[in-house]
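Tertiary structure, described
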Amino acid sequence: MWWQSGTIYQIYPRSFQDTGDDGIGDLAGVRRRLPYLRDLGIDAIWMSPIFRSPMRDFGYDISDYCDIDPAFGTMADFDALLEDTHRSGLKLLLDFVPNHTSDEHRWFKESASTRDNPKRDWYIWKDAGPDGGPPNNWVSNFGGSAWEWHEPTGQYYYHAFLASQPDLNWRNPAVREAMFDVLRFWLDKGVDGFRVDVIWHLIKDEDFRDNPLNPAYDPGEPEIQRHIHVHSADQPEVHKVIAEMRRVLNEYEDRLLIGEIYLPLERLMSYYGEEGSGVHLPFNFQLLQTPWRAEEIARIIDEYERALPADGWPNWVLSNHDKPRIAVRAGERQAANAALLLLTLRGTPTIYYGDEIGIGQVTIPHDRIRDPWALQEPETSFNRDHARTPMQWSATANAGFSTTEPWLPLTDDWAERNVQRMSGDAGSLLSLYRRLLKTRREEPALQTGSYRQLILDESVMAFERADETARFAVIINFSGEPQNVDIPHPYMAGSLVLSSIGERSAYVASPLQLGPDEGVLIKA
Ligand code: GLC
């Protein structure tokens, strides 16, 4: 399947390429950059939401699922983008946000109009608790109670995120049918699949019981960590709903369903579903959440490989629009090793736009903070704006992203850290990404071969990818010190495919001297 051998590239459309001179990226911009994406060597694009939205949560609050937001363009722009994407040999995945709508969606306006409106039960309405307060102790992911009092109809409604993002009631079959029609609308247009937003949230406890307190909670953490979410998400019935969603995709050929799921491994695995009834890929966020150390990384790979169901295809995500970027988490000097790891592990890789040029820490002045979570929980939450700054294309004004001031700042080093300059440098991170993607494309062993750990110590981790056509060893020095590594058979007489820090001799001797922060790919 294309989604097993291929690489996914996530675009945050607001920040990819502006063609409308308003400092906000758009669909025509993505279309203009298709040649870049094709040359980079990726296979599929996943775009964060582009649908009509008041943008309180930058598109994750949708007021019309079957229309394009004017900030991003028109439906004609979308159709042209889809056609050109396919013509470039790439797939296009959309972001499906089924858990909640915007409070400006007409469904919610109807639902909120009177208690006996036919759409009342499309959302989650409850009477006040015995003390007149919220019906239970559930907390919003962005802080504060997850219940909003609605004065006109005298009930609370539930919102797992902002109050302007009311949760749909997925236990209601009419909601499910309406949302499946949304999927069909885009599938009929020819989109190749969806990343489904917070899919583990869709079904809540039928009795809305209180969540238990988290004994490990540290008051410095976001408020959402105060409880253990045993009742507000990840309910057994969610798998029936996902199976129905999967059946909609199965009405079409070759389409992909990815689930956004932040859960411990064994719970995550249940989202593959019984006998292929779940999502094809439950996003694996282990790399996003693990300190960048040899032993830790080796451990999560090992645990993930062991936990996978027999027919479950693995996948790895290095960064996304919600978490600090890899160059910040692992450090700038290790960003190349992270690329090497992501693109040689077993399973579908997802690259986040801008990681290929190593976008790192960006200074965001207080008055330019846009992330609603950071604004709502200033002391405790990570500001997601840091992960959403504009793509840097060239050393011209505004890094070639826009003709005007972008909606978020650029990195301080944008004049050097941009596609144009780094393309001309064979030793750049961008050139490494290109070489890795090319090698991965040419070598079935790197796409679908087996995985086996070879070496692990405090600083060095090595593993093998192999099939009947070839055998590769990936050896990574996680430290800033040189390391001597005993090379196991059959890699001793192997040839060096690439090094993460640039040029080195193709001859592989044992012990191999790895430079500080160096990783290598060796073919036996
Ligand atoms: C997901 C998205 C995030 C959004 C939230 C609510 O976690 O990735 O950006 O704020 O859902 O839709």
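Sequence order as written defines the numbering, with residues in each chain counted from 1. Only residues with pLDDT of at least 70 get local features here, since the model is predicted, and only at 80 or more are side-chain atom pairs given and counted; chain-wide, interface and lining totals rely on the full set of residues. Remark: hydrogens and water are excluded; side-chain values derive from all non-hydrogen atoms of the structure.

By domain assignment, the chain separates into domain 1 (106–158) and domain 2 (450–523). Domain limits in this description derive from either an automatic procedure or a database domain assignment. Of note, the centres of domain 1 and domain 2, computed from C-alpha atoms alone, are 57 Å apart.

As a further point, take empty space enclosed by the protein. Only protein atoms enter the 1 Å grid used here, on which a cavity is any set of points holding a 1.4 Å probe that cannot leave and a pocket is any open set flanked by protein within 12 Å on both sides along at least five of seven lines; residues with an atom within 4 Å of a point are listed as lining. Grid points are joined across faces, edges and corners, and a volume is the space filled by probe spheres set on the points. Using the criterion set out here, one finds one cavity of 30 Å³ or more in the structure. Of the voids in this model, the largest cavity is the one considered here, and its volume is about 30 Å³. Forming the boundary of the largest cavity are Tyr-12, Pro-13, Arg-14, Ser-48, Pro-49, Phe-58 and Phe-72.

The step from His-489 to Pro-490 runs through a cis peptide bond, and the omega angle for that step is 5°. When you line up the elements, Pro-490 lands in the loop between strand 17 (483–485) and strand 18 (495–499). For the bond from Ser-510 to Pro-511, the omega torsion is -5°, close enough to zero to count as cis. Relative to the elements of secondary structure, Pro-511 occurs in the loop between strand 18 and strand 19 (512–514). Unusually for a residue other than glycine, Asn-398 sits at a positive phi of about 55°. A run of H or I in DSSP becomes a helix once it reaches four residues, and a run of E becomes a strand once it reaches two; helices and strands are each numbered from the N terminus. In this fold, Asn-398 is placed in the loop between helix 12 (372–376) and helix 13 (419–423).

Running from amino to carboxyl end, helix 6 (residues 173–189) crosses helix 7 (residues 238–250) at an angle of 30°, the nearest separation of the two axes being 10 Å. On the basis of their axis angle, the class for helix 6 and helix 7 is roughly parallel. Regarding helix 6 and helix 7, the two cross each other, and that crossing is right-handed. Only Val-241, Glu-244, Met-245, Val-248 and Leu-249 of helix 7 make contact with helix 6, whose side of the interface consists of Arg-176, Phe-180, Leu-183, Arg-184 and Leu-187. Under the scheme applied, nonpolar residues are Ala, Val, Leu, Ile, Met, Phe, Trp, Tyr, Cys and Pro; charged residues are Asp, Glu, Lys and Arg; polar residues are all the others, including Gly. Residues belonging to the contact of helix 6 with helix 7 are distributed by class as follows: seven nonpolar, no polar and three charged. Between N-to-C directions, angles cover 0 to 180 degrees, with each direction set by a line fitted to C-alpha atoms, over the stretch in contact for helices. If an angle is under 35 degrees, it is roughly parallel; if it is over 145, roughly antiparallel; if it lies from 65 to 115, roughly perpendicular; otherwise it is oblique. Each helix crossing is assigned a hand: it is left-handed if the near helix lies turned anticlockwise from the far helix by less than a right angle, otherwise right-handed if that turn is clockwise. The contact rule is simple, with two residues in contact once any of their heavy atoms fall within 4.5 Å.

Before going further, it helps to spend a moment on the nonpolar core. As a rule of thumb, nonpolar side chains are buried together in soluble globular proteins. Throughout, nonpolar core names a set of buried Ala, Val, Leu, Ile, Met, Phe, Trp, Tyr and Cys residues whose side chains join them through atoms within 4.5 Å. For the exposure calls, accessible area comes from a 1.4 Å probe over protein chains only, and a residue counts as buried if that area is under 20% of its type's maximum, exposed if over 50%, partly exposed in between. Grouped together as the largest cluster of nonpolar side chains are 158 residues, with contacts concentrated most on Tyr-9, Met-47, Phe-78 and Phe-194. Per-element tally for this core: the top contributor is helix 6, with eight residues. Shared between two domains, this core holds at least three residues of each, these being domain 1 (106–158) and domain 2 (450–523). When sequence neighbours within four positions are dropped, the list of residues in contact with Phe-194 reads Leu-93, Leu-94, Phe-96, Leu-183, Trp-186, Leu-187, Leu-249, Leu-256, Leu-257 and Ile-258.

Turning next to helix 4 (residues 75–87). Working rule for helices: expected span equals 1.5 Å times residues minus one. With 13 residues, helix 4 ought to run about 18 Å at 1.5 Å a step, and its terminal C-alpha atoms sit 18 Å apart, in line with that. Taken as a whole, helix 4 has its buried residues at Met-75, Phe-78, Ala-80, Leu-81, Leu-82, Asp-84 and Thr-85. Here a polar contact is taken to be a pair of N or O atoms separated by no more than 3.5 Å, where protein atoms must pair a possible hydrogen donor with a possible acceptor and residues adjacent in sequence count only if both atoms sit in side chains. Where helix 4 begins, the capping side chain belongs to Thr-74, and its oxygen is found 3.3 Å from the backbone nitrogen of Ala-76. Just downstream of helix 4, Gly-89 is the residue with a positive phi angle, here 80°.

A few words on the site of the ligand. If even one non-hydrogen atom of a residue comes within 4 Å of a molecule or strand, that residue is called near it. Lining the immediate surroundings of the ligand are 13 residues, of which Asp-57, Asp-197, Glu-260, His-321 and Asp-322 lie closest. One nitrogen or oxygen atom from the side chain of Asp-57 is found 2.6 Å from an oxygen atom belonging to the ligand. Between an oxygen atom of the ligand and a side-chain N or O atom of Arg-195, the distance comes to 3.0 Å. For this analysis, a molecule is said to be in a pocket or cavity if more than half of its atoms are within 2 Å of the grid points defining it. If you map the ligand onto the pockets, it falls in the largest pocket. Its residues placed into classes, the shell around the ligand shows four nonpolar, two polar and seven charged.

Bringing the sheet that holds strand 12 (residues 315–317) into the picture now. Paired strands, in this sense, are two strands between which DSSP finds at least two bridges. Reading across the sheet, the eight strands line up as 11-10-9-5-2-1-13-12 and stay open at both edges, with parallel pairing between neighbours. Looking at which strands have only one partner, the edges of the open sheet turn out to be strand 11 (281–282) and strand 12. Sheet topology note: the strand 2 (residues 44–47)/strand 5 (residues 91–96) ladder contains three bridges and is parallel. Residue pairing for strand 5: Ile-45 is matched across the bridge by Leu-92. Packed onto the sheet, helix 6 meets strand 5 and strand 9 (193–196) and runs at close to 160° relative to strand 5.

What follows covers the pattern of salt bridges. Should a side-chain nitrogen of Lys or Arg be within 4 Å of a carboxyl oxygen of Asp or Glu, the pair is scored as a salt bridge. One pass over the structure, following the stated rule, counts 40 salt bridges. Residue Asp-57 pairs with Arg-384 through a salt bridge whose shortest N-O separation is 3.2 Å. With a gap of 327 residues between them, Asp-57 in the loop between strand 3 (51–52) and strand 4 (64–68) and Arg-384 in the loop between helix 12 and helix 13 connect regions that are remote in the sequence. Given a relative accessible area of 5%, Asp-57 falls into the buried group. A residue is classified by how much of its surface remains accessible, and Arg-384, at 5% relative accessible area, is buried. For Asp-79, the salt bridge identified is with Lys-189, shortest N-O distance 2.9 Å. A residue pair is termed long-range when its members are at least 10 positions apart, and Asp-79 in helix 4 and Lys-189 in helix 6 qualify at 110 residues. A residue is classified by how much of its surface remains accessible, and Asp-79, at 32% relative accessible area, is partly exposed. One salt-bridge network, in which partners are shared between bridges, spans Asp-57, Asp-322, Asp-371, Arg-384 and Arg-388.

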